[in-house]
Amino acid sequence: MSGRVVAVAVPLPVQSAFSYRVPEPMLLPERGARVLVPFAGRRVIGVVTGAGETRARDEKPLSLKNVIEVIDEASLVPPPLLDLADWMSDHYLAPPGECHRLILPPAGVRASRAVVRLVSSADAAPDDPVVALLRDGAVRVSTLAARLGRDPSARLDRLREKGLVVIEQELDRPGFKQVQVAELLDAPVASLGRAQAVVLDRLRSAGGRAPVPELVRDRPHLRSSLQRLAALGVVRISEERSERRPEGMPSAMKPTVVPTSDQERVLRPLLEAVESGGFRPFLLHGITASGKTEVYFRCAERALRAGRGVLFLVPEIALTPLLIRAAEARFGATVSVLHSELSLGERHDQWWRIREGGARVVVGARSALFAPIEDLGLIVVDEEHEGAYKQDESPRYHARDVAVMRARLEGATVVLGSATPSLESHANAAAGKYARLSLPARVSPQGLPAVEIVDRREMLKAGGSEVLSPLLLEAIRSRLQRREQALLLLNRRGWAVSLLCRECGHQAACPNCSVSLTVHRRGETTECHYCGYLSRAASACPLCKGEYLRLTGYGTEQVVEVVKAALPEARVGRLDRDLARRRGAVAKMLAAFEAGQLDVLVGTQMIAKGHDFPSVTLVGVIDADVGLGLPDFRSAERTFQLLTQVAGRAGRGDRPGEVILQSHLPDHYALRLACEQDYAAFFEREMEFRRTMGYPPGTALLNLVVRGRQAGPAAREADAIAKGLRSLAPGRFRVLGPASAPLARLRQEHRFQVLLKGSRGAMREAVRRVLVERYGAVRWPGVAVDVDPVSVM
Ligand SMILES: [Zn+2]
Ligand SMILES: [Zn+2]
């Protein structure tokens, strides 16, 4: 580092790191150490990202502020994570502080410290003051600095080179709760009082060892008897660290299965890669129920045996209870599950458990990607095609892509698994960047379910129900008779799609966003699905005061009522985001369905995820076209993936499955090919569309959204930015817009969009240049940059 100046990333939406001077005798902090610094009139905790600048761009020396305090003497996280945060900030044009915040512990300012130990004093100068201070034992580096009156780093480096001292990193005990534990000793027991005898009895029946609070929970007065026993030497009471562990579900121990020949075939190269180490990316394309999880677990076992850590990413923890339970049963205490419902305290404890090596297998959603696992050997990204891996707020990263980068930095194997790989990953495999492996058959002897498409246009002409065709209704009825289960998919929550005035055609719209309000609770309330604006459904038109309001369309709530009305004996449940708002409700619903307490489960795409319900023999798709009408280049891909995945839920046990799709567009290729589960044909067809239209994966996208309270100024900003970009574009990328964003108003702000297509590197550089020229290097107010957007809506 140049002089005593460091670059610090502060946890604020600013686009650059800032330089600070480190005054003597303060230790020069390492990269990755946290420091307390003054920033814009406050004190903030930042992370050292490297050496700072001492001169401004115009060659004048900078006048720098001082670091107030060095919190960590050594980096708090493993070095590859620091590189990862730097890479993200550069790749996504995201504020460095926001990227670094992802890799830090979730709460509490606990420090890591560096401790120096004398190994030998043979070659030391006899009067070396550092050696003299170390003769009585290890000393913290900061203590040395205080005793010597200056930073000992340079001196320590020389001693370290000579092999005289070692510097070790210790992590300060963070804020774990302590618990008292009582233990029975093998001491002779003299005559005891009654209460003392009770305590001893309890302790014996607990196996001779128990936490004190549990021992005396119902009778607090026993605590004093326990203390007397301790004084007598009959019992020992000691303090232990108590971890706030989230309540886990009971583990259903499943015996390890013998791999099928297909599994054997894909495992060979995978295990070889895990064994030999080094960056090796794989795409595991396995159809639904082909046994991908077993493949993941075997790879994980191999990595653990090689002494390396394992990271397991899933799109959403609440929707994968089976996988979590299986992982806990298979790997036991070394698993840490990072659940989105963890309290801050639980999250903190898990972070430190992972950091200290107490957990070597980490399972979690998007943010688990940044778990501080040391020496990571394997990363699995399950259902890699899922949109949930993309974060839609700054930093706008894609967890799959960042996972591949982390594997590269760690020298690890990465496995991207899916039944319907994203076009990006499949194209990478086709280009030879990823090794492609496939599991083409189901593990069970049932094979794929039979699929039938119902033309909804015929349904309506025949004057039947808008929701259930006679075919689907009969299919559900027969499941009830056979005590089997059915899943009904409708990717639209709520009661009705909108509230319309029959007199003047006015549609209830959100006052904050340019979208119509969705009707909920049997028509009682209306809600905006973008900003959450909630109100009572109007009883009269606000425009013409007409009283004839009409509900149009229907959502999951109404499907439940329709099924109940047609089949009163059916026990029907619902699974969607409205349910997910209540803590634990999703897990409860899934458990009830799994236990057979429900016959039919109606839901949005949440029911299409990796569930494995052996009694489900029917999957009905109420309206297969929901996603196709959206102005998004991925709509066909999403529809294909959703339908293939949900169809894969049928017939996973020992009975064959049946799938019924209702659609207005029965000839659409996304539907047809999903029915045939023909991924290869879909890939060809969709790639052609993307090539023709200039969309990924052949071309990279970068989306800029300029927003503001007032439309005029925001539009002018967008205009100026587009103009600047156009001047840099020729031959490297195309600039589309500015145009009103598809969602033209959101949370009271007007939005204008500039879309770039072309080479990612060139677009990124151009955007950086234009925005720095316009706004400076620190803040880009009102501009959101999305590199590799998943959607451009
Ligand atoms: Zn009206
Ligand atoms: Zn809204």
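Before reading further, recall that the structure is shown in the block above.
Here the residue numbering is sequential within each chain, running from 1 through the sequence in written order. As a convention, the first chain written is A and the first ligand written is 1, with the rest following in written order. For this predicted model, a pLDDT threshold of at least 70 governs which residues receive local features, and a threshold of 80 or more governs which side-chain atom pairs are given and counted, while totals over whole chains, interfaces and linings are taken from all residues. Processing note: side-chain calculations cover all non-hydrogen atoms of the structure and skip hydrogens and water entirely.

With that settled, the discussion passes to the overall build of the protein. Tallying secondary structure elements over the protein gives 24 helices and 34 strands in all. Every radius of gyration here is taken over C-alpha atoms, with the globule rule written as 2.2 Å times N^0.38, N being the number of residues. In terms of C-alpha radius of gyration, the protein reaches 31 Å, essentially the compact-globule figure of 28 Å for 793 residues. C-alpha extents for the protein along the principal axes are approximately 100 × 85 × 60 Å. With a 1.4 Å probe rolled over the protein chains alone, any residue whose accessible area is under 20% of its type maximum counts as buried; one over 50% counts as exposed, and the rest are partly exposed. In the protein, buried positions account for 51% of the 793 residues. Sequence-distant contacts, at least 24 apart, represent 75% of the contacts inside the protein between residues at least 6 apart. Secondary structure follows DSSP: runs of H or I at least 4 residues long count as helices, runs of E at least 2 residues long count as strands, and numbering of each begins at the N terminus. By definition, residues are in contact when any of their heavy atoms lie within 4.5 Å.

One bridge is not enough; two strands pair if DSSP finds at least two bridges between them. Spatial strand order, S32-S33-S31-S34: 4 strands in an open sheet with antiparallel pairing. The outermost strands of the open sheet, each flanked by one partner alone, are strand S32 (733-746) and strand S34 (783-787). In this sheet, adjacent strand axes meet at a mean angle of 20° when their direction is disregarded. Where S32 lies against strand S33 (residues 749-758), 8 bridges are found, and the strand directions are antiparallel. When the sheet's bridge partners are listed, Ala739 is paired in S33 with Gln753. Orientation is described by axes fitted as lines to C-alpha atoms, over the contacting stretch for helices, and by angles from 0 to 180 degrees between their N-to-C directions.

The next point concerns unusual backbone geometry. Geometrically, the link from Glu24 to Pro25 is a cis peptide bond, its omega value of 0° lying close to zero. The residue Pro25 is located in the loop between strand S2 (18-21) and strand S3 (34-39) in this model. Of note, the bond from Ser394 into Pro395 is cis; its omega dihedral lies within 30 degrees of zero at -10°. Along the polypeptide, Pro395 turns up in the loop between strand S17 (376-381) and helix H13 (399-410). The backbone phi angle of Ala289 is positive, close to 65°, even though this residue is not glycine. By the element assignment, Ala289 lies in the loop between strand S13 (280-286) and helix H10 (292-305). Unusually for a residue other than glycine, Lys545 sits at a positive phi of about 65°. Within the secondary structure layout, Lys545 lies in the loop between strand S25 (534-536) and strand S26 (549-552). Take Lys545: its relative accessible area is 60%, and that puts it in the exposed class.

Right, let's get into the sheet that holds strand S15 (residues 335-338). Strand-to-strand pairing in sheets goes through backbone hydrogen bonds, with the strands running parallel or antiparallel. Taken in spatial order, the 7 strands of this open sheet run S15-S16-S14-S17-S18-S13-S19, and their pairing is parallel. Pairing within the sheet leaves two strands with one partner each, and these edge strands are S15 and strand S19 (435-439). This sheet shows a mean twist of 15° between the axes of neighbouring strands, independent of strand direction. As paired elements, S15 and strand S16 (residues 361-364) share 4 bridges and run parallel to each other. Bridge pairing links Ser336 to Val362 in S16. Across the sheet, helix H12 (residues 344-355) is in contact with S15 and S16; its angle to S15 comes to roughly 145°.

Time to look at the coordination of the zinc ion (ligand 2). Around a metal, the idealised angle for a tetrahedral arrangement of four donor atoms is 109.5 degrees; for an octahedral arrangement of six donor atoms it is 90 or 180 degrees. Water is absent from the atoms considered, so a metal site may look incomplete; donors are defined as N, O and S atoms within 2.8 Å of the metal, or 3.2 Å for Na, K and Ca. All of the protein donors around the zinc ion (ligand 2) are Cys510 (SG), Cys513 (SG), Cys528 (SG) and Cys531 (SG); their distances to the metal are 2.2 to 2.4 Å. Angular criteria define each label, namely tetrahedral for four donors with all angles between 85 and 135 degrees, square planar for four and octahedral for six donors with opposite donors over 155 degrees apart and remaining angles between 65 and 115, and irregular for whatever fails these tests. In this structure, the zinc ion (ligand 2) is coordinated by 4 donor atoms arranged in tetrahedral fashion, with angles at the metal of 103 to 116°. Sequence positions of the donors to the zinc ion (ligand 2) reduce to the motif C-x2-C-x14-C-x2-C. Of the two residues, Cys510 is situated in the loop between strand S22 (498-501) and strand S23 (518-520) and Cys531 in the loop between strand S24 (525-527) and S25; the sequence distance between them amounts to 21 residues. For Cys510, a relative accessible area of 5% corresponds to the buried category. Take Cys531: its relative accessible area is 26%, and that puts it in the partly exposed class.

Core analysis: the largest hydrophobic core is formed by 71 residues, its most contacted members being Leu311, Leu369, Leu704, Leu725, Leu756, Val767 and Val785. If sequence neighbours within four positions are ignored, Leu704 has contacts with Ile721, Leu725, Phe752, Gln753, Val754, Val767, Leu771, Val783, Ala784 and Val785. What we call a nonpolar core is a set of buried Ala, Val, Leu, Ile, Met, Phe, Trp, Tyr and Cys residues that are connected through their side-chain atoms within 4.5 Å.

Here we take up the environment of Asp128. Among the structural elements, Asp128 can be located in the loop between strand S7 (112-118) and helix H3 (129-134). Exposure remark for Asp128: the relative accessible area of 11% places this residue in the buried category. Dropping the residues within four chain positions of it, Asp128 is found in contact with Arg155 and Leu159. From its side chain, Asp128 meets the backbone nitrogen of Val130 in a polar contact 2.8 Å long. Polar contact criterion, stated in full: a pair of N or O atoms within 3.5 Å, where within protein one must be able to donate a hydrogen and the other to accept it, and residues adjacent in sequence count only if both atoms are side-chain atoms.

A side chain with one charge can pair with a side chain of the opposite charge if their charged atoms come near. Salt bridges are identified by distance alone: a Lys or Arg side-chain nitrogen within 4 Å of an Asp or Glu carboxyl oxygen. Under the criterion given, the structure shown has 49 salt bridges. Between Asp151 and Arg4 there is a salt bridge, with its nearest N and O atoms 2.8 Å apart. A residue pair is termed long-range when its members are at least 10 positions apart, and Asp151 in the loop between helix H4 (141-148) and helix H5 (153-161) and Arg4 in the segment before strand S1 (5-9) qualify at 147 residues. Arg4 matches Asp151 in its accessibility class, with the two residues each being buried. Put simply, Asp83 and Arg31 hold a salt bridge, and the shortest N to O gap is 2.8 Å. Taken as a pair, Asp83 in helix H1 (residues 79-91) and Arg31 in the loop between S2 and S3 lie far apart in primary sequence, 52 residues in all. When salt bridges that share partners are traced, they join Glu424, Arg634, Glu637, Glu686 and Arg690 into one network.

Every protein donor of the zinc ion (ligand 1) is listed here as Cys501 (SG), Cys504 (SG), Cys541 (SG) and Cys544 (SG), and their distances to the metal cover 2.3 to 2.4 Å. With 4 donor atoms in place around the zinc ion (ligand 1) and angles of 101 to 113° between them, the coordination shape is tetrahedral. Here the donor residues of the zinc ion (ligand 1) are spaced in sequence according to C-x2-C-x36-C-x2-C. A relative accessible area of 2% means that Cys541 is categorised as buried.

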